[in-house]
Amino acid sequence: EVQLVESGGGLVQPGGSLRLSCAASRFTFSWYAMSWFRQAPGKGLEWVSGIIADGTRTYYADSVKGRFTISRDNAKNTMYLQLNSLKTEDTAIYYCAKLSAEYDGDLSVHLSSYDYWGQGTQVPGSS
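Peer 1: Before we move on, can you summarise the packing of aromatic side chains with the specific residues and values?
Peer 2: On inspection of all chains with the given rule, the structure shows five aromatic pairs. For the ring pair Phe37 and Trp117, a centre distance of 4.8 Å and an interplane angle of 55° mean the geometry is tilted. Of the two residues, Phe37 is situated in strand β3 (residues 34–39) and Trp117 in strand β9 (residues 114–117); the sequence distance between them amounts to 80 residues. Classification of Phe37 as buried rests on a relative accessible area of 1%. An aromatic cluster of three or more residues is present, and its members are Phe27, Phe29 and Tyr32. When the ring centre of Tyr80 is taken as origin, the NZ or CZ atom of Arg19, which lies over that ring, is 3.9 Å away. If you follow Arg72 out to its NZ or CZ, it ends over the ring of Phe29, 4.2 Å from the centre.

Take a look at the structure:
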């Protein structure tokens with residue numbers, strides 16, 4: 001069974017930074033695009049950022065562009081999300097997700113295109 005385990009959430013000062021990690025196992029990580037989603041209190045899941053399988057192209061939601069950076073290390077089977085200049089509205093549970101092999105494209109912003117999800121890590125945002 002595919003496993004995705006997020007880590008790195010925690011307390012942060014206004015304008016501060018965090019680095020989230022997503023450790024992947026039990027599948028060939030380097031074959032699949034990956035994304036980060038988030039769910040703020042009382043809201044639905046929102047796509048945040050995605051990275052294609054070989055890491056050469058990245059995509060961001062307008063709300064985080066210029067502040068967040070996605071990356072991956074295929075040798076370590078790990079994806080990252082660097083969160084800078086955090087705002088209150090960034091408060092959410094952040095999830096990593098694996099793009100389904102059935103999806104015909106490099107990346108998707110739609111949660112239905114993803115077949116495995118991590119358990120999430122809490123980002124409190126700025127206080």
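There is more to say after this.
Peer 1: Account for the sheet that holds strand β1 (residues 3–7), with residues named and values stated.
Peer 2: Two pairing modes exist for strands in a sheet, parallel and antiparallel, and in both the strands are linked by backbone hydrogen bonds. Taken in spatial order, the four strands line up as β1-β2-β7-β6 in an open sheet, and their pairing is antiparallel. Each end of this open sheet is capped by a strand with a single partner; those strands are β1 and β6 (68–73). Looking at each pair of strands side by side, their axes are set apart by 15° on average, direction ignored. For strand β2 (residues 18–25) and strand β7 (residues 78–83), the ladder comprises six bridges, and the chain directions are antiparallel. In the strand pairing of β7, Ala23 is matched with Thr78.

Peer 1: Please set out the nonpolar core residue by residue, giving values where relevant.
Peer 2: One finds Trp36, Met79, Leu81 and Tyr94 to be the most contacted residues of the largest nonpolar core, which totals 34 residues. Secondary-structure elements contributing two or more residues to this core are β2, β3, β4 (45–51), β6, β7 and β8 (92–99). The element best represented in this core is β8, accounting for five residues.

Peer 1: Any details on the side chain of Glu6? Residues and values, ideally.
Peer 2: By the element assignment, Glu6 lies in strand β1. Here Glu6 is buried and forms no salt bridge, its nearest opposite-charge partner Arg38 lying at an N-O distance of 13 Å. Polar contacts involving the side chain of Glu6 include one to the main-chain amide nitrogen of Cys96, which spans 2.8 Å. A polar side-chain atom of Glu6 sits 2.9 Å from the main-chain amide nitrogen of Gln119. When near neighbours in sequence (up to four residues on either side) are disregarded, Glu6 contacts Ser21, Cys22, Trp36, Tyr94, Tyr95, Cys96, Gly118, Gln119, Gly120 and Thr121.

Peer 1: Quick rundown of the environment of Trp117? Include the residues and the values.
Peer 2: Residue class for Trp117 comes out partly exposed when judged on its relative accessible area of 29%. The sequence separation of Trp117 and Asp73 amounts to 44 residues, and the corresponding C-alpha distance is 18 Å. Non-local contacts of Trp117, meaning those with residues more than four positions away in its chain, are made with Leu4, Phe37, Leu45, Tyr95, Cys96, Ala97 and Leu111.

Conventions used here
Residues numbered from 1 in each chain as written. Predicted model: local features only at pLDDT ≥ 70, side-chain atom pairs only at ≥ 80, totals over all residues. Heavy atoms only, no water. Phe/Tyr/Trp six-rings, centres within 6.5 Å; stacked < 30°, edge-to-face > 60°. Helix = DSSP H or I, 4+ residues; strand = E, 2+ residues; numbered from the N terminus. Buried < 20%, exposed > 50% of the residue type's maximum accessible area, 1.4 Å probe, protein only. Lys NZ or Arg CZ within 6 Å of the ring centre and 35° of its normal. Pairing = 2+ DSSP bridges. Axes fitted to C-alpha atoms, helices over the stretch in contact; angles between N-to-C directions. Core = buried A, V, L, I, M, F, W, Y, C linked by side-chain atoms within 4.5 Å. Lys, Arg positive; Asp, Glu negative; His and termini not counted. Salt bridge = Lys/Arg side-chain N within 4 Å of Asp/Glu carboxyl O. Polar contact = N/O pair within 3.5 Å; in protein donor to acceptor, adjacent residues only side chain to side chain. Contact = heavy atoms within 4.5 Å.

These results come straight from atomic positions and should not be treated as a statement about function.
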